[in-house]
Amino acid sequence: MSYVLVIYESRTGNVKEMADAVSEGVREEGLEVKIFPANKVEIDDMVNASGIIAGTFTSYGIVAGEMKTLFDVSVKRHGRLQGKVGGAFASAGGVGGGVETTVLSIIQMMLVHGMVIEGNSHSPHFGAVAIGKPDEKSLKSCRDLGKRVAVLVKKLGL
Ligand SMILES: Cc1cc2nc3c(=O)[nH]c(=O)nc-3n(C[C@H](O)[C@H](O)[C@H](O)COP(=O)(O)O)c2cc1C
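Residues numbered from 1 in each chain as written. Predicted model: local features only at pLDDT ≥ 70, side-chain atom pairs only at ≥ 80, totals over all residues. Heavy atoms only, no water.

Caption draft 1: Spotlight on the site of the ligand. Around the ligand, 17 residues are found, and the nearest of them are S10, R11, T12, S91 and G97. Within the backbone of V15, one N or O atom sits 2.8 Å away from an oxygen atom of the ligand. Between an oxygen atom of the ligand and a main-chain N or O atom of Y60, the distance comes to 3.0 Å. Starting from 650 Å² of accessible surface for the ligand in isolation, the protein chains cover 74%. For the shell around the ligand, the secondary-structure elements that each account for two or more residues are α1 (14-28) and β4 (85-92). Here the shell around the ligand is composed, by residue class, of four nonpolar, twelve polar and one charged. (Near = heavy atom within 4 Å. Polar contact = N/O pair within 3.5 Å; in protein donor to acceptor, adjacent residues only side chain to side chain. Areas by Shrake-Rupley, 256 points an atom, 1.4 Å probe, with all protein chains shown as cover. Helix = DSSP H or I, 4+ residues; strand = E, 2+ residues; numbered from the N terminus. Nonpolar A, V, L, I, M, F, W, Y, C, P; charged D, E, K, R; others polar.)

Below, the structure is given as structure tokens:
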């Protein structure tokens, strides 16, 4: 059964809230979701997913440590994520704190895995973002991200 894996790294709950909203969006498109914190993901959860949406808090302007470790460990299955759909989201402490560079750092790792990333002609362009706790607008962009990944998974017949 096709599913989308939602992975998050959150210390104080902001990114977890975003991950829940992303998951809602995927489910609204009729796909199953598996949602785990980064340190609980088995590499085969990634290999067996049709899409992977990953989000972290901004840490020094890039992806946080456990998510980076997960991608480092995923080298064991390098090549097996080729063609899967990806998406990213992040929360930062402040405006200009690096939330978009964090989203892009996740997308970079996904591209190295050969994943397919859909941009967005409407902002936010790179993925869903929040400053601190996500407000309603951020949560909507998280749901939209989940929906867009699910729609692309279905279009590609994954
Ligand atoms: C180790 C660490 C590094 C951080 N680095 C940044 C940073 O570079 N820029 C920023 O805006 N916020 C930074 N923050 C703040 C978090 O990204 C921000 O509070 C976020 O909303 C926390 O999300 P969470 O509630 O899911 O843990 C950092 C926090 C931690 C713990």
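So much for the structure itself; the text now carries on.
Caption draft 2: Just the pairing of strand β3 (residues 51-57), in detail. Among the seven residues of β3, seven are classified as buried, and the element is accordingly described as predominantly covered. Pairing of strand β1 (residues 3-9) with β3 involves six bridges; the strand directions are parallel. By the bridge assignment, Y8 is partnered in β3 with G55. Examined bridge by bridge, β3 and β4 share seven bridges and lie parallel to one another. Paired with F57 across the bridge in β4 is S91. Between the parallel pair β3 and β4, the chain is carried across by helix α3 (residues 65-73), and the sense of this crossover is right-handed. (Buried < 20%, exposed > 50% of the residue type's maximum accessible area, 1.4 Å probe, protein only. Pairing = 2+ DSSP bridges. Right-handed = clockwise from strand over helix to strand, strands pointing away.)

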